[in-house]
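# Secondary and tertiary structure notes
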Amino acid sequence: MSGGKHLAKGSQKPELPDDGILRLYSMRFCPYAHRAHLVLDAKNIPYHTIFINLTEKPEWLTDYSPLGKVPALQLTKEEGNPALIESLIIAEYLDEKYPEVPLFPKDPLKKAQEKILIERFNAVVSAMYKVFLGGSEAAPGALTEISKGLDVFEKELSTRGTPYFGGDKPGMLDYMIWPWCERSAMLKYLLPDKYEMDKERFGKLIQWRDLMINDPAVKGFYLDGETHAKFMKARRENTHDYDMLVSDAKRQRTC
C-alpha cells in the first residue's frame, strides 16, 4: 500500500460496500495513522483505507472522527458502525478484539510497562519535530534531546537481550514507536551535516531498525527518508502535498 488520493472539503462521502470490513480514515504521511496501519497489517486484518486531506477536511469527517483527526477506525455494521479515534486506543482495541496475533504482553504488569515506554517515547517525538519543522537552527539542542530519549530504548533493548522489544518478533512497543524511527531517516536530508545515528551509542537500536525495515507489516507501508523529507520540506513552506505519491506514480507511468 503506497498511497491514494486524499479526500478534501467538498468531496462526497465514500460509498464502500457493506462487506463487514473495517474502514480506516488516515493520512499517508501521518505517523499516528501509521500506527494503526501497522497494527492492522501485523494482525492481517482486512480493511479499507480512506485518505483524508487534513488541511481542507471533508465536511463528513466528523461523522467518524468528532475531533476531525486521523486515525479514525470505523467498525463493522455488526458492531453498530461506531468509530474509534486516537492511535493508542485503536491499537489496544485491535489487540483485544483480534487476539490471534497478540502484540501486547498478556501479563498485566508487563503490558503496563510497555505502555509506559510508549508514553516515554513522546519526549523523542517532541524533539524530532523541532528538527523536522525548525531545521538546522533548532537542530543542536533538539538532537541532544533525541539522543537522550533514545538512550532509554537502547538500554531497554540491551537489557531484554532480544532483537525486538516484543522478543523474537515485533510487539506493540515496536510498532508504536516505529513511525518516528522510520521518519528519523529524513534528518540526513533536512540537515546540512547529513545526520546519522551514532553506531557505538545506538548499536542495538540500529540493528533493531534494520530488522524492522524487513518486517512484512513495516514493508507494506514503508517510505524512505528522502520521500518523508520531501513532504516535510513542503510542509515547512505551508504546502501540504498529500497526494505527492499519487502524482509521482502518474509521472512514472507517463515517462
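Along each chain, residues carry numbers from 1 onward, in the same order as the chain's sequence is written. Selection of residues for local features in this predicted model requires a pLDDT of at least 70, selection of side-chain atom pairs for listing and counting requires 80 or more, and totals for whole chains, interfaces and linings are taken over all residues. For the side-chain quantities, the full set of heavy atoms in the structure was used; hydrogens and water were omitted.

### What about the nonpolar core?
Considering soluble globular proteins, one finds that nonpolar side chains tend to be buried as a cluster. By nonpolar core we mean a set of buried residues, namely Ala, Val, Leu, Ile, Met, Phe, Trp, Tyr and Cys, connected to one another through side-chain atoms within 4.5 Å. Only protein chains enter the accessibility calculation, which uses a 1.4 Å probe; a residue whose area is less than 20% of its type maximum is buried, one above 50% is exposed, and one in between is partly exposed. Residues Phe-121, Tyr-175, Leu-205 and Trp-208 are the most contacted members of the largest nonpolar core, which totals 58 residues. By residue number, the principal contributor to this core is helix 6 (residues 172-183), which donates eight residues. These domain limits were set by an automatic method or by a database of domain assignments. When residues of this core are sorted by domain, at least three fall in each of domain 1 (1-101) and domain 2 (108-236). Here, two residues are considered to be in contact whenever any of their heavy atoms come within 4.5 Å of each other. In this structure Tyr-175 touches Arg-35, Leu-38, Ala-42, Leu-103, Pro-170, Met-212, Asp-215, Ala-217 and Val-218, once residues within four positions along its chain are discounted. Counting 17 residues, the second-largest nonpolar core is a separate cluster that includes Phe-29, Leu-61, Val-70 and Met-244. Starting at the N terminus, helices and strands are each numbered in turn, a helix being any DSSP run of H or I of at least four residues and a strand any DSSP run of E of at least two.

### Looking at helix 1 (residues 31-42)
Along its 12 residues, helix 1 runs 16 Å from first to last C-alpha, staying within 8% of the 16 Å computed at 1.5 Å per residue. Taken across its 12 residues, helix 1 has 10 buried, putting it largely inside the fold. If you check which residues of helix 1 are buried, you get Pro-31, Ala-33, His-34, Arg-35, Ala-36, His-37, Leu-38, Val-39, Leu-40 and Ala-42. Asn-44 lies just past helix 1 and shows a positive phi near 60°. The length a helix should cover is 1.5 Å for every residue beyond the first.

### Describing the domain arrangement of the protein
It is common to report an interface's size as the accessible area lost on association of the parts. When cut into domains, the protein gives domain 1 (1-101) and domain 2 (108-236). A C-alpha centroid distance of 24 Å is found between domain 1 and domain 2. The interface is formed by 20 residues belonging to domain 1 together with 22 residues belonging to domain 2. When two components associate, each loses some accessible surface as probed by a 1.4 Å sphere; the sum of these losses over both components is called the buried area. Each partner contributes to the roughly 2,000 Å² buried at the junction of domain 1 and domain 2, and carbon and sulfur atoms together form 68% of this total. Take a side-chain nitrogen of Lys or Arg and a carboxyl oxygen of Asp or Glu: if they are within 4 Å of each other, that pair is a salt bridge. Counting across the domain 1 and domain 2 interface gives three salt bridges. As a salt-bridge pair, Lys-115 and Glu-92 come within 3.1 Å of each other at their nearest N and O atoms. Nitrogen and oxygen atoms within 3.5 Å of one another constitute a polar contact, given that in protein one can donate a hydrogen and the other can accept it, and given that sequence-neighbouring residues count only through two side-chain atoms. In this structure, the connection of domain 1 to domain 2 is made through seven residue pairs in polar contact (both at pLDDT 80 or more). Those elements giving two or more residues to the side of domain 1 that touches domain 2 turn out to be helix 1 and helix 2 (87-97). The greatest single-element share of the side of domain 1 that touches domain 2, amounting to nine residues, is contributed by helix 1.

### Points about the pairing of strand 2 (residues 47-51)
Pairing between strands is defined by DSSP: at least two bridges between the two strands are required. Summarising the sheet, strand 1 (residues 22-26) and strand 2 pair through five bridges and their orientation is parallel. Bridging from a neighbouring strand, Ser-26 pairs with Phe-51 of strand 2. Traced from strand 1 through helix 1 to strand 2, the parallel crossover comes out right-handed. Call a crossover right-handed when, viewed with both strands pointing away from you, the route from the first strand across the helix to the second goes clockwise.

### Topic: the UniProt feature "domain: GST N-terminal" (unreviewed entry) in the protein
UniProt positions are given in the numbering used here, feature names are shortened, and annotations may be inferred rather than shown by experiment. UniProt feature "domain: GST N-terminal" (unreviewed entry): in the numbering of this structure it lies at residues 20-102. The span residues 20-102 shows a helical share of 28% and a strand share of 19%, and its end C-alpha atoms are spaced 22 Å apart.

### Topic: the pattern of salt bridges
Tallying each qualifying case throughout the model produces 13 salt bridges. Between Asp-63 and Lys-13 there is a salt bridge whose closest N-O contact spans 2.9 Å. Residue Asp-63 is located in the loop between strand 2 and strand 3 (72-74), and its partner Lys-13 is located in the segment before strand 1; the two are separated by 50 residues in the primary sequence. Lys-13 sits in the partly exposed class, given a relative accessible area of 36%. One salt bridge connects Glu-114 with Arg-160, and the closest N-O pair in it is separated by 2.4 Å. Remark: Arg-160 occurs in helix 5 (residues 139-160) and Glu-114 occurs in helix 3 (residues 108-120); sequence separation between them is 46 residues. Exposure remark for Glu-114: the relative accessible area of 7% places this residue in the buried category. On the basis of relative accessible area, Arg-160 is assigned to the partly exposed category, the value being 26%. Residues joined by salt bridges that share partners form a network here, namely Glu-92, Glu-96, Lys-111 and Lys-115.

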